[in-house]
Amino acid sequence: MARGKEVHEARVSALNLLGKDLARRAKSKCELCERGGEELSILEVPPEPKEPDFERCVMICEQCKTAISEPKRFQAGEQWRFLAQTVWSDVPPVQVLAVRLLRRQSSSQGWAREALDDLFLDDEIEAWVTESE
């Protein structure tokens with residue numbers, strides 16, 4: 001049991017080393033909803049690589065993190081309309097999360113369905129989106 005804890009703590013420590021660069025990229029705002037003044041945390045976009053990778057992490061607020069991490073608590077609705085713009089991000093892990101959240105609500109939200117219909121994803125991003133859905 002202690003070995004698992006050590007591995008987890010080492011991973012968290014490695015992720016924290018990415019924090020400064022991630023905060024700079026995010027301009028200290030949530031990379032999904034772009035709210036500022038929120039406490040941000042690092043989220044690795046699944047599937048996680050063996051070693052933490054800057055290019056597979058995002059800085060997000062608690063509300064967005066909960067929506068991603070706890071799908072059963074996710075509530076579709078107008079409050080997620082910002083995703084129609086976020087899905088065009090030039091930051092791949094942000095785009096992947098935005099597509100996943102849009103797909104989660106596309107059956108009940110016409111605007112989400114429309115945003116997905118207008119979207120073109122390159123093959124690499126599409127593969128990443130579907131890897132851990």
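Residues numbered from 1 in each chain as written. Predicted model: local features only at pLDDT ≥ 70, side-chain atom pairs only at ≥ 80, totals over all residues. Heavy atoms only, no water.

1. Topic: helix H6 (residues 123–131)
- When we look at burial in H6, the residues that qualify are Ile125, Trp128 and Val129. Seen along its axis, H6 keeps its buried residues to an arc of 100°; they face one direction. In H6, those exposed residues whose orientation departs by more than 90 degrees from the buried face are Asp123 and Glu131.
- Where H6 is buried, its residues meet helix H4 (92–105). (Buried < 20%, exposed > 50% of the residue type's maximum accessible area, 1.4 Å probe, protein only. Helix = DSSP H or I, 4+ residues; strand = E, 2+ residues; numbered from the N terminus. Arc of directions from axis to C-beta. Contact = heavy atoms within 4.5 Å.)

2. Considerations on H4
- Counted at 1.5 Å a residue, the expected span for H4 with its 14 residues is 20 Å, and the 20 Å between its end C-alpha atoms agrees.
- Counting buried positions over the 14 residues of H4 gives eleven, a clear majority of the element.
- When we look at burial in H4, the residues that qualify are Pro93, Val94, Gln95, Val96, Leu97, Ala98, Val99, Arg100, Leu101, Leu102 and Gln105. (Expected span 1.5 Å × (residues − 1).)

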